[in-house]
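# Notes for the structure review
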Amino acid sequence: MPGKSKRRTPVKVSDLRMDELLRPIGDIKSLHVILTLRCNYRCAFCFQPNFRDDLPEHIWREKLTPLYPGLENVVLHGGEPTLVPAFREFCELINGRNDRVRFSLFTNGYKFDGYWAALMAGRGRFVNFSLNACTPETYARVNRRDHYHAVLDNVRRFRALAGDVAVDFSFVITAENLHEVPGFLRLAADHGVDRVRYFFDLDLLPPDRDEIRRTLDATAEIRRELPDLEVWGLEVFEGRVFGTPVASRHLESHGCRRTFDNLYVGVNGDASFCNFLGWSPIGNLNDSSLEEIWNSPGALAQRRAQDRGEWEFCTNAYCGPTEEHPVIGARRDTAARTADDRVLVPVEALLSRPDDR
């Protein structure tokens, strides 16, 4: 009909040709960065190889700067971001070129005050406080620091001024804190938390499966009492422990498009599409330009696989069709490995909120 615009037929992802898989760096909307491994905690489950490495300064001061004006989300990982002045400089560098970007932060929360509370209250998307316990005693055993009450004081102060910034609590399940999995939900609800995330290390799963079953049943009861509290990770944990399929909606890979708009930069300069793909970087920013990395042969292979819905690269503890592969001891259950190739699941450098993809 005259004057009526034609309805555009969307292109199916699976129809993309190789030339369409080549993407401009302007497509990168979410940037995840580890500027340092320095940390003031020594958590029992920590996967870091050391506590001293820093990302070379020229990478975030020069190599990544073409991205800054167009970014929508910047996610800060460590180490502990609140300890290191470079993280503040990094945020201010981006702020000076982009007044719309939102920041997200993974932190143990002990030094989360002053600058960080103000930045996240004004420009934040979410703050994830890694607590891993709901009592001071277990907190001290698991995190190897006695800062439980100080961290919760920081959470309460931030919650009062956070506005629409999401506050998350995270909990890495180990044998030492398994008994506090249910109570952690009540702690989160008492502090006005938006989401609780449960993570785990496949090499450090609690050995008593009966105890795990009882714990999950008790946690399910509390979840029913707290319908407004978002909870992530328990369905995945249960599937991994008991070898049962996990519904797609519970997996990080559900609806994921990170190969098209997400860049994750490790402390050694390795670039990948997400932390789970750190085992297969698409390049290194010490050696190559951002443009070369974003459309490198490795990047195109991973982008094409995701485009086709194939799981060659994205099969790990939190992603992929879980009913089709074993998970305990699987080769791709991780994005981080130590020198002896022990299978580890990254816990705090791992995830973005689903709407950050």
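The structure displayed is predicted, hence computed values, not measured ones. (Residues numbered from 1 in each chain as written. Predicted model: local features only at pLDDT ≥ 70, side-chain atom pairs only at ≥ 80, totals over all residues. Heavy atoms only, no water.)

### Section: the overall build of the chain
Assigned secondary structure in the chain consists of 12 helices and 12 strands. Residues counted as buried form 56% of the 357 residues belonging to the chain. Summarising the internal contacts of the chain: among those between residues at least 6 apart in sequence, 71% fall at separations of at least 24. Working note: accessible area of the chain is about 15500 Å², and carbon and sulfur atoms make up 50% of it. (Helix = DSSP H or I, 4+ residues; strand = E, 2+ residues; numbered from the N terminus. Buried < 20%, exposed > 50% of the residue type's maximum accessible area, 1.4 Å probe, protein only. Contact = heavy atoms within 4.5 Å. Areas by Shrake-Rupley, 256 points an atom, 1.4 Å probe, with all protein chains shown as cover.)

### Some words on the nonpolar core
Core analysis: the biggest nonpolar cluster contains 95 residues, and Leu31, Leu64, Leu67, Phe90, Phe169, Tyr198 and Leu263 have the highest contact counts within it. Contact partners of Leu64, with chain neighbours within four places excluded, come to Leu31, Val33, Ile59, Leu263, Val265, Leu285 and Leu290. (Core = buried A, V, L, I, M, F, W, Y, C linked by side-chain atoms within 4.5 Å.)

### Examining the sheet that holds strand S2 (residues 73-77)
What the 10 strands build is an open sheet, ordered S7-S6-S5-S4-S3-S2-S1-S8-S9-S10; its pairing is mixed. Edge positions in the sheet fall to strand S7 (230-232) and strand S10 (283-284), since each of these pairs with one other strand and no more. As defined by bridge partners, strand S5 (residues 166-173) adjoins strand S6 (residues 195-200) across six bridges and the pair is classed as parallel. Paired with Ser170 across the bridge in S6 is Arg197. This element, helix H3 (residues 85-95), spans strand S1 (30-34), S2 and strand S3 (102-107) of the sheet and lies at about 175° to S2. The strands touched by helix H7 (residues 181-190) are S5, S6 and S7; relative to S5, the strand with the most contacts, the crossing angle is about 165°. (Pairing = 2+ DSSP bridges. Axes fitted to C-alpha atoms, helices over the stretch in contact; angles between N-to-C directions.)

### Here we look at the pattern of salt bridges
Close approach of charged atoms allows side chains with opposite charge to pair. One pass over the structure, following the stated rule, counts 16 salt bridges. With a shortest N-O distance of 2.4 Å, Asp153 and Arg156 are connected by a salt bridge. Of this pair, Asp153 and Arg156 both sit in helix H6 (residues 148-161), separated by three residues, roughly a single helical turn. Taking the relative accessible area as the measure of exposure, Asp153 reaches 31% and is therefore partly exposed. The closest approach of N and O atoms between Glu252 and Arg258, which form a salt bridge, is 2.6 Å. Taking the relative accessible area as the measure of exposure, Arg258 reaches 4% and is therefore buried. (Salt bridge = Lys/Arg side-chain N within 4 Å of Asp/Glu carboxyl O.)

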